[in-house]
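Examining the three-dimensional arrangement
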Amino acid sequence: MSNVRSEQTDSIGFFGRTTPLDLVKMYGTPLYVYNENILRQRCRELLGLSSLPGFCVNYSAKANTNPALLRIIREEGCHADAMSPGELHINKLAGFTAENLVYVCNNVSADEMRNAVENGLLVSVDSLSQLELYGKVNPGGKVMIRINPGIGAGHHKKVVTAGKETKFGIDLSCMAEVRSLLNQHNLTLAGLNQHIGSLFMEPNGYLDAMDVMLHFVQTELGDLLPNIETLDFGGGFGIPYHKYEGEARLDMADLGARMHAKLAAWVKETGYKGRFFIEPGRYVVAECGVLLGSVYATKNNGPNRYVGTDLGFNVLVRPAMYDSFHDVEIYRENGTPDHELTEQTIVGNICESGDILAKKRQLPCIHEGDILGILDAGAYGFVMSSSYNQRPRAAEVLITADGTPKLIRRRETLDDLTRQFVGLE
Ligand SMILES: *Cc1c(COP(=O)(O)O)cnc(C)c1O
């Protein structure tokens with residue numbers, strides 16, 4: 001296929017044996033479309049970062065919990081994390097078991113901790129008060145703690161998750177209190193984790209934070225090392241959202257070489273026999289997803305050209321919430337490539353002025369009836385969508401390895417929206 005603006009998906013055969021226009025005829029819009037081959041490729045790149053026997057890719061399931069994708073990720077050999085009973089439930093539906101799941105939570109109830117423990121999961125707690133609660137829920141058990149290495153990173157202050165300005169992790173200066181709580185409840189410290197933030201395109205911060213944890217464990221927790229079985233360095237691996245501007249990818253060969261050397265040297269020095277986790281969410285699933293939507297109106301308000309679509313922030317909230325950028329493709333019946341650009345703002349159908357998908361973009365002129373493809377929508381897309389304005393949530397389709405489409409979540413219906421009301425009769 002070659003269409004008004006489609007070089008990116010064309011170049012990787014994203015839609016397999018079908019086309020966006022065919023998919024829209026079959027399933028309607030808004031429609032999340034995922035590509036199995038790309039998902040598998042991203043898993044393999046991550047698994048290839050280190051060949052150490054204890055090296056694990058722990059997929060952070062919150063980025064996309066469709067069980068069809070979770071199954072593929074599991075088949076590729078990744079583990080997964082869960083941070084709520086719902087995520088734990090869905091991970092199990094997709095075939096994950098206690099051996100390849102960890103519970104990485106913050107600010108949860110005793111019941112929720114108990115549920116994770118009863119399911120056999122290792123639980124990571126992220127404050128002294130949660131450690132104390134865990135000790136009461138599971139005295140004599142194993143526990144992980146989330147530390148705050150004091151270094152943060154991320155594309156927006158809302159996604160920086162370490163450093164003093166965030167709610168996450170136990171400060172490194174609190175180890176005396178940690179030890180005392182461990183003793184008091186007869187707990188074994190079985191692991192540490194950290195997560196410094198999301199979307200790094202340059203790996204130095206991540207590697208520095210790895211150094212902080214490794215050094216800390218060796219110098220401050222050396223006596224506990226024989227019981228420590230998991231060191232989890234968190235996620236945050238970025239993907240190039242500006243593909244049409246030629247943004248470079250993370251250099252995985254370089255990152256892998258540096259990470260592997262660091263971990264191998266540390267194992268040699270300390271005799272550590274446990275596992276090393278990385279915990280990517282976005283990197284695994286973002287690029288295997290394209291969101292399709294319909295253009296229903298266009299207008300000029302003064303100097304601004306607005307393109308009205310069914311892609312409101314109920315469908316994809318990232319642009320409204322984080323000012324995120326997503327590349328936009330344009331498909332049209334009998335469309336041909338068009339390189340003449342006009343400034344346009346793409347908006348949704350939600351009654352809010354903040355309902356903006358793409359601001360002042362230089363794009364080929366978009367017309368009523370066009371189909372738009374929003375690239376890199378596989379992570380924090382569907383999972384963050386809502387039924388605001390009482391719009392049913394989108395359907396999801398997988399382009400399977402042989403290039404054929406398969407429905408993996410049906411579109412919500414009006415009945416789905418009203419199912420939970422009580423006393424309507
Ligand atoms: C969200 C999250 C991740 C994954 O972050 P990405 O930026 O999607 O890679 C990993 N670990 C924890 C604890 C998280 O909260």
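Residues numbered from 1 in each chain as written. Predicted model: local features only at pLDDT ≥ 70, side-chain atom pairs only at ≥ 80, totals over all residues. Heavy atoms only, no water.

Turning next to the overall build of the protein. From N to C terminus, the protein includes 13 helices and 18 strands. A compact globule built from 425 residues would reach a C-alpha radius of gyration of about 22 Å, and the protein, at 23 Å, matches this within 12%. Seen through its C-alpha atoms, the protein measures out along the principal axes to roughly 70 × 60 × 45 Å. Evaluated residue by residue, the protein yields a buried proportion of 55% over its 425 residues. Intrachain contacts of the protein at a sequence separation of at least 6 include 70% that bridge at least 24 residues. When the accessible surface of the protein is totalled, it reaches about 17900 Å², and 50% of it is carbon and sulfur. (Helix = DSSP H or I, 4+ residues; strand = E, 2+ residues; numbered from the N terminus. Rg over C-alpha atoms; globule rule 2.2 N^0.38 Å. Buried < 20%, exposed > 50% of the residue type's maximum accessible area, 1.4 Å probe, protein only. Contact = heavy atoms within 4.5 Å. Areas by Shrake-Rupley, 256 points an atom, 1.4 Å probe, with all protein chains shown as cover.)

Okay, the pattern of salt bridges next. Counting across every chain of the model gives 21 salt bridges. Across the pair Asp-254 and Arg-258 runs a salt bridge whose closest N-O atoms are separated by 3.2 Å. Separated by 4 residues within a single helix, Asp-254 and Arg-258 lie in helix H10 (residues 252-270), roughly one turn from each other. Between Arg-332 and Asp-370 there is a salt bridge, with its nearest N and O atoms 2.8 Å apart. Taken together, the positions of Arg-332 in the loop between strand S13 (328-331) and strand S14 (341-347) and Asp-370 in the loop between strand S15 (356-364) and strand S16 (371-374) put the pair 38 residues apart, joining distant regions of the chain. You can call Arg-332 partly exposed: its relative accessible area is 22%. The buried category is assigned to Asp-370, whose relative accessible area is 2%. In this structure, a network of salt bridges that share partners links the residues Arg-42, Glu-45, Lys-243, Arg-249, Glu-287 and Asp-376. (Salt bridge = Lys/Arg side-chain N within 4 Å of Asp/Glu carboxyl O.)

Many structure descriptions define interface size as the accessible area lost when the parts assemble. Split by domain assignment, the protein resolves into domain 1 (7-34 + 287-417) and domain 2 (105-278). Each of domain 1 and domain 2 has a C-alpha centre, and these two points are 35 Å apart. With 13 residues of domain 1 in contact, the opposing surface of domain 2 contributes 13 residues. Among the residues domain 1 hides against domain 2, the three largest losses belong to Glu-287, Tyr-322 and Phe-325. Together they make up 42% of the total. Taking the shortest distance from any N to any O, the salt bridge between Lys-243 and Asp-376 comes out at 2.9 Å. Between the two partners, domain 1 and domain 2, sit 8 residue pairs in polar contact (both at pLDDT 80 or more). Sorting elements by how many residues they give to the side of domain 1 that touches domain 2 places helix H12 (residues 318-322) first, with 3 residues. Across the side of domain 1 that touches domain 2, the residue classes break down as 4 nonpolar, 3 polar and 6 charged. (Domains from an automatic or database assignment. Buried area = accessible area lost by both parts, 1.4 Å probe. Polar contact = N/O pair within 3.5 Å; in protein donor to acceptor, adjacent residues only side chain to side chain. Nonpolar A, V, L, I, M, F, W, Y, C, P; charged D, E, K, R; others polar.)

Here we come to helix H5 (residues 85-93). Taken together, the buried positions of H5 are Glu-87, Leu-88 and Asn-91. Seen end-on, H5 carries its buried residues on one side only, within an arc spanning 100°. In H5, the exposed positions that point more than 90 degrees away from the buried face belong to His-89 and Leu-93. Along its buried surface, H5 packs onto helix H4 (67-75), strand S3 (79-82), strand S4 (101-104) and helix H6 (110-118). (Arc of directions from axis to C-beta.)

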